[in-house]
Amino acid sequence: MKVVVTKSYDESCAYVADMICKLVNEKPACKLGLATGGTPVPMYKKLIEANKAGKVDFSAVRTVNLDEYCGIPGTHDQSYRYFMDSNLFDHINIDKANTYVAKGLGDAQANAAELEAKVREGGAADLQLLGIGNNGHIAFNEAADVLHATAHIEQLTESTINANARFFEKKEDVPTTAITMGMGDILAAKCVVLIATGLAKTSAIKGLIMDDVITTQNPSSMLKMHENVVVVIDEELAAAVGYKA
Ligand code: PGA
């Protein structure tokens, strides 16, 4: 695992945006696994800027997103389809037909099966972007006694519902279930890039980069079994976990 410590969150976002631009320039028809959440938003802004400046062309890129809430349509302003459109896809020259975010409405099992098929279609993602939950979740694979390998329906934990309540009018509006890629889906990517910032992530990141333990109670710790993982954190978070480059 490669740990990159940057001076600031903004620099972390620039680092990851740069990685993605380089990949797309080298392989224009690459497959990207994308993530939602607060963390990647400034990074997506940098991709938009790079695209508008003619430095990267997304016209042949395919994307599959990690997860989607159950029970809300893609038009809902907190759905991950809406998030991806408004924070990235609507502002770059990607073909929306080449972007996939799982469906939030309809038969959840069928929607999970469709996500799994999209993960496999055309082979492994060239790069999978990840954030991390305060509890160490990646995508919506929540800390538990067992984890799932493939796409499935996940019951969200209190910690995740509380963390995501800031995006909704009230906590009761946060969906309690979601469709998510499984751990095997994430680990199948050729390269995994995880970006984290903020002291709420201290314990999760400590479990990922400091402890020599793999545990389902911190799903991110399974990334230690992948040979091409890049964790990008800023100095503040590195200091909090006691990481020295
Ligand atoms: P955040 O979420 O970027 O909003 O902190 C990350 C996650 O839950 O994976």
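Above this note sits the structure.
The following refers to the structure shown. Please read these numbers as outputs of a predicted model, since none were measured by experiment.

The rules behind these values
- Residues numbered from 1 in each chain as written.
- Predicted model: local features only at pLDDT ≥ 70, side-chain atom pairs only at ≥ 80, totals over all residues.
- Heavy atoms only, no water.
- Buried < 20%, exposed > 50% of the residue type's maximum accessible area, 1.4 Å probe, protein only.
- Helix = DSSP H or I, 4+ residues; strand = E, 2+ residues; numbered from the N terminus.
- Contact = heavy atoms within 4.5 Å.
- Polar contact = N/O pair within 3.5 Å; in protein donor to acceptor, adjacent residues only side chain to side chain.
- 1 Å grid on protein atoms, 1.4 Å probe; cavity = no way out; pocket = protein on both sides within 12 Å on 5 of 7 lines; lining within 4 Å.
- Points joined across faces, edges and corners; volume = space filled by probe spheres on them.
- Nonpolar A, V, L, I, M, F, W, Y, C, P; charged D, E, K, R; others polar.
- Near = heavy atom within 4 Å.
- Areas by Shrake-Rupley, 256 points an atom, 1.4 Å probe, with all protein chains shown as cover.
- Sits in = over half its atoms within 2 Å of the grid points.

## Looking at helix H7 (residues 202-209)
Burial analysis of H7 places six of its eight residues in the buried class, which makes it a mostly covered element. Within H7, the full set of buried residues consists of Thr202, Ala204, Ile205, Gly207, Leu208 and Ile209. Where H7 is buried, its residues meet strand E1 (2-6), strand E9 (192-196), strand E10 (229-234) and helix H8 (235-241).

## Topic: the environment of His91
Counting through the fold element by element, His91 comes out in the loop between helix H3 (80-87) and strand E5 (99-100). Residue His91 is classed as partly exposed on the basis of its relative accessible area of 33%. Along the primary structure His91 and Tyr9 are separated by 82 residues, whereas in three dimensions their C-alpha atoms are 22 Å apart. When sequence neighbours within four positions are dropped, the list of residues in contact with His91 reads Ile48, Asn51, Lys52, Asp85 and Ser86. A polar atom in the side chain of His91 sits 2.8 Å from the backbone oxygen of Ser86.

## Some thoughts on empty space enclosed by the protein
Over the atoms, a rolled probe matching the size of one water molecule traces out where space is still vacant. Taken as a whole and assessed by the stated rule, the structure comprises two cavities of 30 Å³ or more. Empty space within the largest cavity amounts to approximately 80 Å³. Taken together, Lys31, Leu32, Gly33, Val64, Val119, Ala124, Ala125, Gln128, Met181, Asp185, Ala188 and Ala189 make up the full set of residues lining the largest cavity. With three residues, strand E2 (residues 31-34) is the single largest residue contributor to the lining of the largest cavity. Looking at the lining of the largest cavity residue by residue, the class counts come to eight nonpolar, two polar and two charged. Here the residues of the lining of the second largest cavity sort into eight nonpolar, one polar and no charged.

## Some thoughts on the site of the ligand
In the vicinity of the ligand, the residues found are Gly37, Gly38, Thr39, Gly131, Ile132, Gly133, His137, Arg166 and Lys201. One nitrogen or oxygen atom from the side chain of Thr39 is found 2.4 Å from an oxygen atom belonging to the ligand. A distance of 2.6 Å is found between an oxygen atom of the ligand and a side-chain nitrogen or oxygen belonging to Lys201. Contact with the protein chains removes 84% of the 280 Å² of surface that the ligand exposes when unbound. Of the pockets mapped on this structure, the ligand occupies the largest pocket. Grouping the constituent residues of the shell around the ligand by class yields one nonpolar, six polar and two charged.

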